[in-house]
Number of protein chains: 2
Amino acid sequence: MKAQNARGTRDFSPEEVKKRNFIIQTIQKHFERYGFLPIETPAIENLSTLTGKYGEEGDQLLFKILNSRLHESKNKDVLKQEFEKMLEKPYNSELITERALRYDLTVPFARYVSQYRHTITFPFKRYQIQPVWRADRPQKGRYREFVQCDADVVGTNSLLMEIELVSLINDAFEELFPKETIVLKLNNRKILQGIAEWMKVSDHFYSFVGIIDRLDKIDYSEFEKFLKNELSNINAQNSDAFVEIIINYKTKEKEANTTIENIQLWNSLMNDLLEKSNSEDIKTGVDEMKYVLDRIDKEDLSIILQPDISLARGLNYYTGMIFEAKVLQSKFDADVIGSSILGGGRYDNLTGIFDFPGVSGVGISFGIDRIYDVMEALHLFDDKKLNIYPAEILLVYLSNEDEKYCLSMAKRLRKQGIRVDIYHQVDKLKKVMEYADKKKYPYVGIVGEEERINGLVSLKNMQTKQQEKISFENLVQQLNATK
Amino acid sequence: MKAQNARGTRDFSPEEVKKRNFIIQTIQKHFERYGFLPIETPAIENLSTLTGKYGEEGDQLLFKILNSRLHESKNKDVLKQEFEKMLEKPYNSELITERALRYDLTVPFARYVSQYRHTITFPFKRYQIQPVWRADRPQKGRYREFVQCDADVVGTNSLLMEIELVSLINDAFEELFPKETIVLKLNNRKILQGIAEWMKVSDHFYSFVGIIDRLDKIDYSEFEKFLKNELSNINAQNSDAFVEIIINYKTKEKEANTTIENIQLWNSLMNDLLEKSNSEDIKTGVDEMKYVLDRIDKEDLSIILQPDISLARGLNYYTGMIFEAKVLQSKFDADVIGSSILGGGRYDNLTGIFDFPGVSGVGISFGIDRIYDVMEALHLFDDKKLNIYPAEILLVYLSNEDEKYCLSMAKRLRKQGIRVDIYHQVDKLKKVMEYADKKKYPYVGIVGEEERINGLVSLKNMQTKQQEKISFENLVQQLNATK
């Protein structure tokens, strides 16, 4: 049988695992510094927990699990009928499938919070780092199984949480990327709702959000035409005034490069909007944004903040502040431009579907796979720091008499926290050295009769190829310096 | 809708995650000290990779994934026919399901080694810590989703690997359990094969292994009758001689308590067996055991070793040394006695099914869930060391004017690696303190006008309830001592 992983899934080699774990552990460290606690939920959820939460398209992308022991069921005719219904159109039969793999970590978290509401002290800050599954058609950079890395606070609508999350995002990206590589876009759904109301398109709010969302992806030359056309399609009022404001904004946008400049430009845009629209909703959204932006220590940021009217985020459940982090375009070639490496926002009623209404929350989700791709493209992984080799030293014994001495040396080194491998058998030294080179051990420690009798080891530095006989104490010192 | 996790699955609270991670990280640390490198494989495998590897019962326990877009298929009549076949008896239709969740980590590892054989330098030592899924009927201590924690070496038949694995097992359990709490049983399948041959039951080897396996679970009074009866059922030759040896062994077994006594008793048993059977296979197995036992530093073990003729292990693919760790019976009440917390062994041809024959390997698998249960029962988790509270300090600001000062203090503390939470709003101090007590923060730091003006914080020790105004430097010092 051919050995082959399933389509759209990935195996990770030791080097890949170490690099991925470096990203995950960095983010996890900062989650913990901000007071988030870890939880874990199972990969398998009841199908009813998941369906209807991600829109029709999302429901199609659930990996559904076939009920076990179908053949033991007594209702074979009923089963056949149910199966035929499934063939005709998208339809879930509990007799055939009643479970699925989780699609994200947010809905299982909402389920968790609702299920354990009586034992949780709110506000509750949790982080969760686990894989999720989507039956997407596989393509470059899109996988059927990938890890999400989420932090959420539920049980308070305090904007302090948004301020803290922005600060957390900054701290995590500061450790992963050079200064000013990442831009964090911010917007507020209340501003978008206010504009939609002013333009009398609240009934088509998600269509309107879709138009706004595409502003970011459209070339400047086609911009005015696109906007006018789309707005007239949904019968928007006040669209001339809106287009004028946006066009004015777009002409200036290219000149703003720093957080301060971005905020100034956004302020003037909002002033125009407020003056023309006189919308209370827009004002509330703008005030929330200003409250958050005012309290962030802008002098000491590694990321660049950009309040951005065109940020919309796909998920329907957002109701307040929304976030999205991207790599700054100028830093990269076309391949990684535009892919979001973090998203998030405030939602006001996510647990309502589980009979636990009125719980406001806000959360962020780091995209490990995309962060990995960007870090690889920018050569940001430090191979030495990641200890990609199997151990600091490979010990080799020259005859069977030396085996026990070698084993006891390995034991003493490991007690000191040093990673030690032992070559698996007595072999020609040339062959051992080739093996050690291939596996990139920094040192080989050779143990023969002379070393054994005098309590020494012949230490070979695999980079310089120099070799010297040294004592155990000196060995520990040198290897500790390697770690 | 009721919020409910799927039957047989578990949610893990922050406290449970921290305890589980403590176990996992301890084992992982020792895997790394012995030169094992991490890999990861996807949860979803092609069904053909998994079926036929775990026996008929195992195949029944696979969680199979329904193909997506069934309703788009053109062959509806064929699909219906296939589904009817599935209803009649266990049968996999690739049209309905072609993927499943992995059942263990060993088969995916064999698939990985075979798939990437050209880029791997052998011997290859890998560890893998990931969940697996089994559609078992849920019961106490048995879950449908659980984590396995495996280390394997493939590409050499050197017994040094067995020696190193025993040493690794000792080091990991030394850190998790008090001295002499865990007994590691060892046996060699070659000894069992030799006995089976001597007794002319090689054709029913797995039935014979089943009998041997039950020796451990049978009361002494019924022992002789059971053994004679079962052996006569499979037409065993030389069964009187065998029963005599085993009975002789069983009468002495209770007196052996230490590794040295266990080995001595086993030696005499093996001498009897070799004398009466004159079997070459038994001799090979005994020699391998002796080679391994001789090279282990028995003076410095935390676990107790017990070579045990009745250890058989369920999996058919083992061909050499086999391992199983249990809690020493006398240490525990009946509830946790007898549950294995680690298993493993040597296999000679696991990758053969993936067209990569002749690769010998040996591996072990730690049972995280059972280790957790035993540690809980023995109160071995150190809550303080696990930092189960959300942060070292909860900062509170008394008015909106103090918010920025509070945020900047949080930032400076986090830069020092201290975990800091900020209470989400201005509130009555009594309410804040109740919240802090519930969440078990060791310290609350209060920031009001006076503290802000003088650059101080009022630090309350939540255990002693004492409160004092201190400088930032003193604060860092005190909190670092808490970590």
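Attention here is on the structure that accompanies the text. From a predicted model like this one, the values you see are computed outputs, not experimental measurements.

1. Comments concerning the pattern of salt bridges
Opposite charge on two side chains allows them to pair when their charged atoms are near. One pass over the full model with this rule turns up 70 salt bridges over all chains. Notably, a salt bridge pairs Asp421(B) with Lys125(A), separated by 2.5 Å at the nearest N-O pair. Of this pair, Asp421(B) sits in strand β13 (residues 420-422) while Lys125(A) sits in strand β5 (residues 124-133), each in a different chain. Across the pair, Lys125(A) and Asp421(B) agree in class, each one buried. The shortest N-O distance in the salt bridge between Asp287(A) and Lys283(A) comes to 3.0 Å. One end of the pair is Asp287(A) and the other is Lys283(A), both in helix α12 (residues 280-295) and four residues apart, which spans about a single turn.

2. A look at the relation of the copies chain B and chain A
Least-squares fitting of chain B to chain A yields an RMSD of 0.0 Å, with the transformation described by 0.0 Å of translation along the axis and a rotation of 180°. Here the symmetry operator amounts to a two-fold rotation axis. Scanning chain B for the C-alpha nearest the rotation axis identifies Ile65(B), at a separation of 2.2 Å. Looking at chain B, 100% of its interface residues are interface residues in chain A too, so the copies touch through the same face.

3. A short note on the sheet that holds strand β9 (residues 318-327) of chain A
In sheet architecture, strand pairing relies on hydrogen bonds along the backbone and comes in two forms, parallel and antiparallel. Residue and element names in this part refer to chain A. If you trace the eight strands from one edge of the open sheet to the other, you get β1-β5-β6-β11-β10-β9-β7-β8, paired in mixed fashion. The open sheet has two free edges, formed respectively by β1 (37-38) and β8 (304-307), since each of these has just one partner strand. Of the pairings in the sheet, the one linking strand β10 (residues 340-347) to strand β11 (residues 361-367) comprises six bridges and is antiparallel in character. Pairing of Gly344 across the sheet is with Ile364, part of β11. Where helix α5 (residues 106-115) meets the sheet, its contacts fall on β5, β6 (145-154) and β10, and the angle it forms with β5 comes to roughly 135°. In the packing of helix α13 (residues 368-377) onto the sheet, the strands contacted are β6, β9, β10 and β11, and the crossing angle to β11 comes to about 40°.

4. A look at the pairing of strand β12 (residues 393-397) of chain A
Residues and elements named next belong to chain A. Within β12, five of the five residues are buried, leaving the element largely enclosed by the surrounding structure. The alternating pattern of β12 places Ile393, Leu395 and Tyr397 on one face and Leu394 and Val396 on the opposite face, and all of these are buried. Note that β12 and strand β13 (residues 420-422) share three bridges and pair parallel. When the bridges of β13 are listed, Leu394 appears paired with Asp421. Regarding topology, helix α15 (residues 403-415) serves as the crossover connection from β12 to the parallel β13, and that connection is right-handed. The pairing of β12 with strand β14 (residues 443-447) spans five bridges and is parallel.

5. Description of the packing of aromatic side chains
Residue and element names in this part refer to chain A. Across all of its chains, the model carries 36 aromatic pairs over all chains by this definition. Within the aromatic cluster, the residues linked to one another by ring pairs are Phe31, Phe36, Tyr127, Phe173, Phe177 and Phe366. Between the NZ or CZ atom of Arg20 and the centre of the ring of Phe12, over which it lies, the distance is 4.0 Å.

6. What about the interface of chain B and chain A?
In this complex, chain B contributes 109 residues to the contact, which on the side of chain A involves 109 residues. Both faces combined, the contact of chain B with chain A buries some 9900 Å², and carbon together with sulfur accounts for 55% of it. For the chain B face of the interface with chain A, the top three residues by lost area are Met1(B), Arg33(B) and Leu87(B), together amounting to 8%. Taken together, the connections running from chain B to chain A amount to 16 salt bridges. Seen at the junction of chain B and chain A, the total is 46 residue pairs in polar contact (both at pLDDT 80 or more).

7. Overview of the pairing of β6(A)
Residue and element names in this part refer to chain A. Counting buried residues in β6 gives 10 out of 10 residues, a clear majority hidden from the surface. Judged by which residues are buried, β6 turns out to be covered on both faces: Glu145, Val147, Cys149, Ala151 and Val153 on one side and Phe146, Gln148, Asp150, Asp152 and Val154 on the other are all buried. Across 10 bridges, β5 lies against β6 in antiparallel orientation. Bridging across to β6, Gln130 finds its partner in Gln148. Both β6 and β11 contribute to a ladder of seven bridges, which runs antiparallel. Opposite Asp152, over in β11, you have Gly363 as the bridge partner.

8. Things to note about the side chain of Lys411(A)
With respect to the element layout, Lys411(A) can be found in helix α15. For Lys411(A), the residues in contact, after removing those within four places along its chain, are Asp297(B) and Asp300(B).

9. Quick look at the packing of helix α9 (residues 220-233) of chain A against helix α10 (residues 239-253) of chain A
Residue and element names in this part refer to chain A. Two numbers describe how α9 lies on α10: the axes approach to 10 Å, and their chain directions differ by 160°. In terms of orientation, α9 lies roughly antiparallel with respect to α10. Of the two elements, α9 crosses α10, and the hand of that crossing is right-handed. Contacts between α9 and α10 involve Tyr220, Phe223, Glu224, Leu227, Lys228 and Leu231 from the former and Ser239, Asp240, Phe242, Val243, Ile246, Ile247, Lys250 and Thr251 from the latter. Among the residues forming the contact of α9 with α10, the class breakdown is eight nonpolar, two polar and four charged.

10. Section: unusual backbone geometry
Peptide bonds are trans in most cases, and residues, glycine excluded, mostly fall at negative phi. Residue and element names in this part refer to chain A. Cis peptide bonds are those with omega within 30 degrees of zero, and the linkage from Phe122 to Pro123 qualifies with -5°. The topology assignment puts Pro123 in the loop between α5 and β5. Unusually for a residue other than glycine, Asn235 sits at a positive phi of about 55°. When its relative accessible area of 59% is taken as the criterion, Asn235 is described as exposed. Although it is not a glycine, Asn238 sits at a positive phi angle of roughly 55°. Mapped onto the elements of the fold, Asn238 is located in the loop between α9 and α10.

Parameters and conventions
- Residues numbered from 1 in each chain as written.
- Chains lettered and ligands numbered in written order.
- Predicted model: local features only at pLDDT ≥ 70, side-chain atom pairs only at ≥ 80, totals over all residues.
- Heavy atoms only, no water.
- Salt bridge = Lys/Arg side-chain N within 4 Å of Asp/Glu carboxyl O.
- Helix = DSSP H or I, 4+ residues; strand = E, 2+ residues; numbered from the N terminus.
- Buried < 20%, exposed > 50% of the residue type's maximum accessible area, 1.4 Å probe, protein only.
- Least-squares fit on C-alpha atoms with pLDDT ≥ 70 in both.
- Contact = heavy atoms within 4.5 Å.
- Pairing = 2+ DSSP bridges.
- Axes fitted to C-alpha atoms, helices over the stretch in contact; angles between N-to-C directions.
- Right-handed = clockwise from strand over helix to strand, strands pointing away.
- Phe/Tyr/Trp six-rings, centres within 6.5 Å; stacked < 30°, edge-to-face > 60°.
- Lys NZ or Arg CZ within 6 Å of the ring centre and 35° of its normal.
- Buried area = accessible area lost by both parts, 1.4 Å probe.
- Polar contact = N/O pair within 3.5 Å; in protein donor to acceptor, adjacent residues only side chain to side chain.
- Parallel < 35°, antiparallel > 145°, perpendicular 65-115°, else oblique.
- Left-handed = near helix turned anticlockwise from the far one by under 90°.
- Nonpolar A, V, L, I, M, F, W, Y, C, P; charged D, E, K, R; others polar.

Scope: geometric values only; no functional claims are made or implied.
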